[in-house]
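# Chain and residue survey
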Amino acid sequence: METPKGYKAGFVSFIGRPNVGKSSLLNAILGHKVAIVSDKPQTTRNRILGVKHLENGQIIFLDTPGIHKPQHKLNEYMVEVAVRALKDVDAVVLVVDCKEGLTEEDDLVIERLTEVKCPIVCALNKIDLTNLERAESIREQIEQVLKLEAAIPTSAVTGEGLRELVDKLFELMPEGYPFYPEDMITDQPEHFMAAEIIREKIFHLTRQEIPYSTAVVVEDIKDKGDVVVIDAYIFVEKDSQKGIVIGKEGRMLKKIGQFAREELERIYGKKVYLNLWVKVKEKWRRKEGSLRELGYYLKKE
Ligand SMILES: Nc1nc2c(ncn2[C@@H]2O[C@H](COP(=O)(O)OP(=O)(O)OP(=O)(O)O)[C@@H](O)[C@H]2O)c(=O)[nH]1
Ligand SMILES: [Mg+2]
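The shown structure was predicted, so the numbers you read here are calculated from the model rather than taken from an experiment.

The sheet built from 6 strands is open, its strands ordered β2-β3-β1-β4-β5-β6 with mixed pairing. The sheet is open, and its two borders are formed by β2 (48-54) and β6 (150-153), each paired with just one other strand. Along the sheet, successive strands turn relative to each other by an average axial angle of 25°, direction set aside. Sheet contacts for helix α1 (residues 22-30): β1 (8-15), β2, β3 (57-63), β4 (91-97) and β5 (120-125); angle to β2, the most-contacted strand, approximately 30°.

Below you can see the structure in the form of structure tokens.
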């Protein structure tokens, strides 16, 4: 295959502590929702790939779980996913939250990045909630420890700085052949996407330990012509949590199902029947075998 002269293609990871807006930035840059988002930390659990197609190249973005101090095996897995995404990429975007400022968790991330060889661009995110002076002072704090290729105030909400961020990253990409075809935005299997959408609604609708104790597995997706039938299991860690997810007279489960179904119908462009079951998988976040069954495992390096 002949690539046009000057065609560039490369990989970029979003790295940062939980809740700074990594997934939101990815979605905003792509103009397409590929990663779920919530106002609670530790929403993303896997590496999410999204391809930004540009006139003379492509940037393959990897969204990652927020780096934090792991408490369970699930969290160890999440942090490992993020750390692995620092390898074999052409640039890293360190995402920070300008409103909240730098926390101990940001220090953990920044420390990790001191060992990274590729260029690092900082997205001073949530600039819509604060001002440029604050962003500048955060940049200065980071640059005391870490060499940055650039630091760009961004907002995943207003779109500010996103063009500049993409342009800067594209400058850093190597020449090469495209990795993905023009029409491909993500590599996520359909079952995974549907499960994530359901999990997002659980993050939105439930509180405290519930979102964290929940995993979703889509068992079956059947396209029956004018309707898509989806069967999914919601796993929790104990009976009391099952009661909460189902809710009084089944109201909570109904709400989760309704919100997920509405979004799935927009994606499929047709009617969706969503069958949800809630099951207990004792302490699944602590057990290697359960994590594996739920799809949270990494190949050995
Ligand atoms: N105002 C404002 N809110 C933002 C911006 N970016 C993200 N948010 C909000 O911040 C919260 C966290 O966003 P996420 O994209 O889920 O953050 P994340 O870094 O992917 O979080 P984890 O997956 O938990 O690591 C959500 O409520 C977003 O709507 C932004 O630029 N401005
Ligand atoms: Mg995320």
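On we go.
Looking at the metal site, the magnesium ion (ligand 2) is ligated by Ser23 (OG) and Thr44 (OG1), spaced 2.0 to 2.1 Å from it. Of this pair, Ser23 sits in helix α1 while Thr44 sits in the loop between α1 and β2, and the two are 21 residues apart along the sequence. Looking at Ser23, the relative accessible area reads 9%, which means it is buried.

In this section: the domain arrangement of the protein chain. As far as domains go, the protein chain holds domain 1 (8-172) and domain 2 (190-293). Here domain 1 and domain 2 have C-alpha centroids that lie 28 Å from each other. With 16 residues of domain 1 in contact, the opposing surface of domain 2 contributes 22 residues. Where domain 1 abuts domain 2, roughly 1600 Å² becomes buried across the two surfaces, and 54% of that area is made up of carbon and sulfur atoms. Remark: the boundary between domain 1 and domain 2 carries 2 salt bridges. Linking Lys33 and Glu200 is a salt bridge whose minimum nitrogen-to-oxygen distance equals 2.6 Å. Considered class by class, the residues forming the side of domain 1 that touches domain 2 number 6 nonpolar, 6 polar and 4 charged.

Below, the discussion takes up helix α6 (residues 190-205). Taking 1.5 Å of rise per residue, 16 residues should cover 22 Å, and α6 covers 23 Å from first to last C-alpha, within 8% of that figure. Inspection of α6 places Ala194, Ala195, Glu196, Ile197, Ile198, Arg199, Glu200, Lys201, Ile202 and Phe203 among the buried residues, and these make up the whole buried set. Its buried side turned inward, α6 meets β2, β7 (215-223), β8 (227-236), α8 (251-268) and β9 (271-280).

The rules we used
- Residues numbered from 1 in each chain as written.
- Chains lettered and ligands numbered in written order.
- Predicted model: local features only at pLDDT ≥ 70, side-chain atom pairs only at ≥ 80, totals over all residues.
- Heavy atoms only, no water.
- Pairing = 2+ DSSP bridges.
- Helix = DSSP H or I, 4+ residues; strand = E, 2+ residues; numbered from the N terminus.
- Axes fitted to C-alpha atoms, helices over the stretch in contact; angles between N-to-C directions.
- Contact = heavy atoms within 4.5 Å.
- Donors = N, O, S within 2.8 Å, 3.2 Å for Na, K, Ca; no water.
- Buried < 20%, exposed > 50% of the residue type's maximum accessible area, 1.4 Å probe, protein only.
- Domains from an automatic or database assignment.
- Buried area = accessible area lost by both parts, 1.4 Å probe.
- Salt bridge = Lys/Arg side-chain N within 4 Å of Asp/Glu carboxyl O.
- Nonpolar A, V, L, I, M, F, W, Y, C, P; charged D, E, K, R; others polar.
- Expected span 1.5 Å × (residues − 1).

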